[in-house]
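Residue strings, one per chain:
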Amino acid sequence: SSGTLNRKAGATPQISNFTLIGNETQSAAGSNASYAWSNGTPLAATNTQTGIRVFQVGNGFQITAPADTNSRTLKVYVGLKSARGQFTASISGSSLPVYSALINQPSGLGSHVVNLDYQAASAGQTLTVRFIMETRYQSGPTASQLNLESAALVVSGAGGGGGGGFTLPFTDDFNDGNAQGWTVTDEAGNPSNWSVVTGQYRQPNQVRAGRVNFNESYHLGSFSYLAAGIELQNYRATVDVTPRGELGDDIGVMFRYQDSNNYYRLTFDSRYGYTRLEKRVNGQFSALASNSIGYEFSQVVTVAVEVVGSNILVYLDGDPLFAVLDSSLGQGTFALYSAADSRFDNVSIQNIASASRVVLSRPIAHTVGAINSISASAIAINPPAGRVDFVLDDSTTISDFSAPYSATFNNVAQGEHTIQARLFNSGGALVASDLNTVIGSGGANYLTIGDSITNGARDNFSSDNASADGRILGFQGYQASLNDALTQTLNRQHLVVNEGIGGDTSALTLDQRLDSILARNSDSNRMLMFLGTNDATTSLPIPSGLGCTGAACNGTFKGNMQDIIDAASNSGKSAFVALTPPSFGASATSAPYSNPLNTMRNNTIQEYNQVVLNQLTNRSLGPNLFQCFLGAANRFSLFADNFHPNGLGYSVIAQLWHDILTGVSQTTDPCTTLPRFTLGNLSRSTVSPFLKQNLIEVGDEYYVNEGFTISSIPSDQSLAGGVWIMNSNASADRNNTNASNYLSFSTDRNVTVYVGYDNRATQLPAWLNNNYTNTGAQLGVSQAGTQFTLYRRNFTAGNISLGGNLAAPASGAQASYVVIVVPQ
């Protein structure tokens, strides 16, 4: 209750009871965090969510704790609801200034912890803490509140694994059905929902919410930390992690977590395609190591991190992944991180093992260097007196006899290489080793920057989002396809990194993203970019700056783009800028424009493209995406919505970038000369219901107006590489009786056309029965009671027409047919 003070039994009280500040009487408060400790008196403190609260500005609470020459930490747990509180701390007899911090909770109820590390200059002093409401954001008498919830005083640990009474080893398999001891913090725009279900700690919510999900270009989400381990220093933590979010958002772990502004974090992300080791110190993010490999959906991985002094080692499924030296954070607890549906199990935190081991810190596997030399380094834990040998391609060896261990291999041949670090003792016996493979030398490292189109939004086709060389694994985007095309054409290694952020304008990229992206991608030597779709909003477009000079360009599309190009150049990257693609509607979900070429939005985009073509300096020209998708022909059939290409559209973008980067001459319509097969003149692709052409795999929708999905594709048919026509299953379409010209398209090469027809049919339409061969193969779908039998016919290049679904004498078919066009 509001009058009950609960303490730990069997301990001499150190923290005072609270003193009320102001003229209010405190009342009982609820909290969105829970507190627990053993031997509570007068009550057992087990998952209690109570505290005390006040409601008005100028009111609050004061507590005190002893201070002397010993180092102590006072953890004060406070709450706010639609309010801001002033937190202060001071030590008696001290010349130090008062510590002061504003704690803000603009809406909703949130809990916060302040960790005060303190030490007095002499014995017998007192630490005084005050927490007072400074601002109310709601007008009702009790709509805003300030809470005092809990406090804990510990003596700082002095080395080893534990401190503050928390000892190792620690394990939690969540089989007890609860997450006692774990504390949740949400940092993104949507609430999380952490809970234990069937022996796993789960967070099923999509907590990322647009731009709220970012700190500069670093992602934010939700995390649950082990509160009792805040004093931990050196330890090894492992956990089984299962990503479940179908959009590919972040999942990972945090370690040496001190508070929401100070921690190390390992994140996996398949929306962007990366694994990154990051740190956040005093609220500022920076990257320590990364690759371009995300996760596979629903695949369990075991993550392990070791922190030993300034050494940080990361393992994935037992294999060393990253190793870095960083002394920013010397202690802190372990946390589980989630931005989308994810599962965690079998958490284990152990003391550091005494065995000797070595991990390569550079070069990281599956990376590419643009020069013909390889710099190698390694971290050894508990090394014996001896040496580390660095071995290139199992043939050339360079030895280093003292830490930090490193070597440089010069005049390395262009191509793929391996590097191994081998740790020997003084007697020459091999003690430990680590091997990194798929290390490219003399290739090119591309950084792609832009908005959601660069990021790959609405790319439904995942099979082309893992590069053949293993360097890229994601859920969407053109980067893996471009990587493969460049490697094949130029016969050397490439890496194409996805740094597109949905919703960004040229101003957002310049002001909020660019510095952190460039710092994180110091190894890249080329930048591929296009922006402008979001600049050209119909309500208040960013001025193009066409023809501007000097200060008049500030804040314009031209000024922003030039500043981005110059910043890239100053960081050693040559910039390629593509022309902005068109918009087919005022918003992604609005009805498409009837005449998109001359709309206000596309007129603005074409003005932006004049800036790119004629007025930007120090840049190479990228592909003309506007001309491909709208200028020469209306290719709305390659878009998933009004703004974003579909899977086939993204593969076209990859091919367009490939042609620019490999010197293929551009034509008036750059999409007519691509080796990427697409259909021309698809009937009704610009007339409702807007038929589409796309790449489709198992799990994808096959109609433009239904949610039914493909459940199986026959392996004995050569459908790979085929273009699917996404038909309509509206009544007018599935009952169409046109004898020969319901659906038409053109091809620039010989093709085989497959028609999947509803196997419930008792009679086929004449156009299908008389001209197509029954393959006997079945296409499985989620549509109840439906399968499609595949019929096949060969065509030469040119125009192709198909009849209606129920053209005479057809009967019995209850679903529109499916079409797959495969180049011969």
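Computed from a predicted structure; not experimentally measured.

A. Molecular detail of the overall build of the protein. A tally of regular secondary structure across the protein gives nine helices and 50 strands. The globule rule puts the C-alpha radius of gyration for 824 residues at 28 Å, and the 31 Å found for the protein is close to it. The principal-axis extents of the C-alpha atoms in the protein amount to approximately 100 × 75 × 60 Å. For the protein, buried positions account for 54% of its 824 residues. Here the analysis covers contacts within the protein between residues at least 6 apart in sequence; of these, 73% occur between residues at least 24 apart. Here the protein has roughly 31,600 Å² of accessible surface; of this, 47% comes from carbon and sulfur atoms. Taken together, the 44 basic and 57 acidic charged side chains of the protein have centroids lying 3 Å from each other.

B. How the structure looks around helix α4 (residues 557-570). With 14 residues, α4 should reach 20 Å at 1.5 Å per residue; the first-to-last C-alpha distance of 20 Å fits that figure. For α4, the complete set of buried residues consists of Phe 557, Lys 558, Gly 559, Asn 560, Met 561, Gln 562, Ile 564, Ile 565 and Ala 568. Next to the buried residues of α4 lie α3 (506-520), β39 (526-530), β40 (574-579), α5 (600-614) and β41 (619-624). Gly 572 occupies a position one or two residues after α4 and carries a positive phi of about 85°.

C. A look at the sheet that holds strand β30 (residues 374-381). In space, the three strands of this open sheet follow the order β28-β30-β33, with antiparallel pairing throughout. Both edges of this open sheet fall to β28 (357-362) and β33 (405-409), since each of them pairs with a single strand only. Strand-to-strand twist of the sheet, defined as the mean angle between neighbouring strand axes without regard to direction, takes the value 25°. Across five bridges, the pairing between β30 and β33 is antiparallel. Its bridge partner lying in β33, Ile 374 is registered against Phe 409.

D. Spatial organisation of the sheet that holds strand β43 (residues 710-712). Taken in spatial order, the seven strands of this open sheet run β42-β44-β50-β46-β48-β47-β43, and their pairing is antiparallel. Only two strands of the sheet have a single neighbouring strand rather than two, namely β42 (692-694) and β43. Neighbour to neighbour, the strand axes of the sheet diverge by 35° on average, direction disregarded. In this structure, strand β46 (residues 751-758) lies alongside strand β50 (residues 818-823), joined through six bridges in antiparallel fashion. Residue Gly 756 lies in a different strand from β50, and its bridge partner there is Val 818.

E. The side chain of Thr 789, seen in detail. Mapped onto the elements, Thr 789 comes out in strand β48 (residues 787-795). A relative accessible area of 8% places Thr 789 in the buried class. At 2.9 Å, the side chain of Thr 789 and the side chain of Gln 778 are in polar contact. Sequence-distant contacts of Thr 789, that is, excluding residues within four places in its chain, are made with Val 755, Gly 756, Tyr 757, Asn 759, Asn 774, Ala 777 and Gln 778.

F. Highlighting the side chain of Arg 72. Mapped onto the secondary structure, Arg 72 falls in strand β7 (residues 72-91). Within the structure, the side chain of Arg 72 is placed 2.5 Å from the side chain of Asp 68, a separation counted as a polar contact.

G. Structural context of the packing of aromatic side chains. Under the defined criterion, the tally for this structure stands at 30 aromatic pairs. For the ring pair Tyr 702 and Tyr 703, a centre distance of 4.5 Å and an interplane angle of 50° mean the geometry is tilted. With a relative accessible area of 1%, Tyr 702 lands in the buried category. Residue Tyr 703 is classed as buried on the basis of its relative accessible area of 1%.

H. Representation of the nonpolar core within the structure. Grouped together as the largest cluster of nonpolar side chains are 90 residues, with contacts concentrated most on Phe 745 and Val 753. Residues within four places of Val 753 in sequence aside, it is in contact with Phe 745, Tyr 772, Tyr 791, Arg 792, Arg 793, Phe 795, Ile 800, Val 819, Ile 820 and Val 821.

I. Expanded view of the pattern of salt bridges. Scanning the model with the defined rule gives 22 salt bridges in all. Of the charged contacts in the structure, one is a salt bridge between Arg 422 and Asp 394, with a shortest N-O distance of 3.0 Å. Residue Arg 422 is located in strand β34 (residues 415-425), and its partner Asp 394 is located in the loop between β31 (386-392) and β32 (396-400); the two are separated by 28 residues in the primary sequence. Residue classification places Arg 422 among the partly exposed residues on the basis of a relative accessible area of 23%.

J. Here's a closer look at unusual backbone geometry. Following Ala 403, the chain continues into Pro 404 via a peptide bond in cis, with omega recorded as -5°. Its location among the elements puts Pro 404 in the loop between β32 and β33. For the peptide bond that leads from Ala 808 to Pro 809, omega is 0°, which places it in the cis range. In this structure, Pro 809 sits in the loop between β49 (798-802) and β50. Of note in this structure, Asp 393 is not a glycine but carries a positive phi near 55°. By the secondary structure assignment, Asp 393 is in the loop between β31 and β32.

K. Expanded view of the state of the cysteines. Counted according to the given criterion, the structure contains two disulfides. Between the sulfur atoms of Cys 548 and its disulfide partner Cys 553 the distance amounts to 2.0 Å. Around the S-S axis, the bridge from Cys 548 to Cys 553 shows a dihedral of about 115° and counts as right-handed. Each member of the pair, Cys 548 as well as Cys 553, carries the same accessibility label: buried. For Cys 628, the disulfide goes to Cys 671, at an S-S distance of 1.5 Å. Negative torsions about the S-S bond denote left-handed disulfides, and the value of about -60° found for Cys 628 with Cys 671 makes this one left-handed. Placement of the pair is Cys 628 in helix α6 (residues 625-631) and Cys 671 in the loop between α7 (647-661) and β42, with a sequence separation of 43 residues. Summarising the burial analysis for this pair, Cys 628 and Cys 671 share the class buried.

L. A look at the environment of Ser 433. Mapped onto the secondary structure, Ser 433 falls in strand β35 (residues 430-441). Accessibility expressed as a relative area gives 39% for Ser 433, which makes it partly exposed. Between the alpha carbons of Ser 433 and Ala 380 there is a distance of 9.7 Å; along the sequence they are 53 residues apart. Among residues more than four places away in sequence, those in contact with Ser 433 are Val 358, Gln 420, Ala 421 and Arg 422.

Cut-off values and rules
Residues numbered from 1 in each chain as written. Predicted model: local features only at pLDDT ≥ 70, side-chain atom pairs only at ≥ 80, totals over all residues. Heavy atoms only, no water. Helix = DSSP H or I, 4+ residues; strand = E, 2+ residues; numbered from the N terminus. Rg over C-alpha atoms; globule rule 2.2 N^0.38 Å. Buried < 20%, exposed > 50% of the residue type's maximum accessible area, 1.4 Å probe, protein only. Contact = heavy atoms within 4.5 Å. Areas by Shrake-Rupley, 256 points an atom, 1.4 Å probe, with all protein chains shown as cover. Lys, Arg positive; Asp, Glu negative; His and termini not counted. Charge placed at Lys NZ, Arg CZ, Asp CG, Glu CD. Expected span 1.5 Å × (residues − 1). Pairing = 2+ DSSP bridges. Axes fitted to C-alpha atoms, helices over the stretch in contact; angles between N-to-C directions. Polar contact = N/O pair within 3.5 Å; in protein donor to acceptor, adjacent residues only side chain to side chain. Phe/Tyr/Trp six-rings, centres within 6.5 Å; stacked < 30°, edge-to-face > 60°. Core = buried A, V, L, I, M, F, W, Y, C linked by side-chain atoms within 4.5 Å. Salt bridge = Lys/Arg side-chain N within 4 Å of Asp/Glu carboxyl O. Disulfide = S-S within 2.5 Å.

Keep in mind these values describe shape, not function.
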